[in-house]
Amino acid sequence: MKGFFHQLLDYNFYCNKKIIHQCRNQDEVPEGCVGLFDHILNAHHIWNHRILGTPSEFGLWDQHDIDAWEDIHYENQRTSFEIVTNTDNFDKRVEYVNSREVHFSNEIKDILFHIINHSTHHRGQIMAVLRNSGFEPEPLDYIFYKR
């Protein structure tokens, strides 16, 4: 399972880096892209910290300068890889409180998959915003990553 999650997290890292580079190479990034990508970074950070049982530094909709995206993204990836590497029981439940102050409990494997799936969902939205703004984004399909 560790290899599976390392590979999915690597794919997630690859796709997010492509989004970062696509946004950085535009004269003006559509506002929807910025807010959604900030949210991807923030949510990943928050989930990592829930697994670790430590306070997060970001709120779900905190805004970041585009120049900070790469560092935040790298730290998210490093932390997730560390979590996967050091986890012996992916069925272990993590207790946490969500952004609406409701208590939940989920297995580590489900949280890790959620991080990846959540990012994919919002990257799709970012791609649509880019297309609607006249920019043709690079494909981010998993099969392109594997080629």
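These notes cover the structure that comes with them.

**A word on helix α2 (residues 31-52)**
Owing to its 3.6 residues per turn, the α-helix aligns residues three or four sequence positions apart on the same side. With 22 residues, α2 extends 32 Å between its outermost C-alpha atoms, agreeing within 8% with the 32 Å of an ideal straight helix rising 1.5 Å per residue. Extensive coverage of α2 is indicated by the burial of 18 of its 22 residues. Directly after α2, the chain includes Gly53, whose backbone phi takes a positive value near 75°.

**Focus: the environment of Trp47**
Following the sequence through the fold, Trp47 ends up in helix α2. Excluding anything up to four places from it in sequence, Trp47 contacts Tyr96, Ile111, His114 and Ile115.

**Structural notes on the nonpolar core**
In this structure, Ile19, Cys23, Cys33, Phe37, Trp69 and Ile126 are the most contacted members of the largest nonpolar core, which totals 20 residues. Broken down by secondary-structure element, the contributors of at least two residues to this core are α1 (2-24), α2, α3 (66-86) and α4 (108-132). Counting residues per element, this core draws most heavily on α2, at six residues. Those residues within four positions of Ile126 in sequence are excluded, and the remaining contacts are Ile19, Cys33, Leu36, Phe37 and Ile40. Counting residues in each nonpolar core, the second largest holds 16 residues, with Ile51, Phe90, Leu112 and Ile116 among its members.

**Details of α4**
Over its 25 residues, α4 runs 36 Å from end to end, which matches the ideal 36 Å to within 8%, given 1.5 Å per residue. Turning to α4, its buried residues are Ile108, Ile111, Leu112, Ile115, Ile116, His118, Ser119, His122, Arg123, Ile126, Met127 and Leu130. Where the residues of α4 are buried, they touch α1, α2, α3, β1 (93-97) and β2 (103-107). At the C-terminal side of α4, Gly134 shows a positive phi close to 90°.

**A short note on the pattern of salt bridges**
Enumeration over the complete set of coordinates arrives at eleven salt bridges. Salt-bridge contacts for Lys17 lead to Glu70; the nearest nitrogen and oxygen are separated by 2.7 Å. Taken as a pair, Lys17 in helix α1 and Glu70 in helix α3 lie far apart in primary sequence, 53 residues in all. For Glu82, the salt bridge is made with Arg78, and the minimal N-O distance between the two is 3.0 Å. Residue Glu82 and its partner Arg78 are located together in helix α3, separated by four residues, close to a single helical turn. Given a relative accessible area of 33%, Arg78 falls into the partly exposed group. Several salt bridges share partner residues, and in doing so they unite Lys17, Arg24, Asp67 and Glu70 into one network.

Thresholds applied
Residues numbered from 1 in each chain as written. Predicted model: local features only at pLDDT ≥ 70, side-chain atom pairs only at ≥ 80, totals over all residues. Heavy atoms only, no water. Helix = DSSP H or I, 4+ residues; strand = E, 2+ residues; numbered from the N terminus. Expected span 1.5 Å × (residues − 1). Buried < 20%, exposed > 50% of the residue type's maximum accessible area, 1.4 Å probe, protein only. Contact = heavy atoms within 4.5 Å. Core = buried A, V, L, I, M, F, W, Y, C linked by side-chain atoms within 4.5 Å. Salt bridge = Lys/Arg side-chain N within 4 Å of Asp/Glu carboxyl O.

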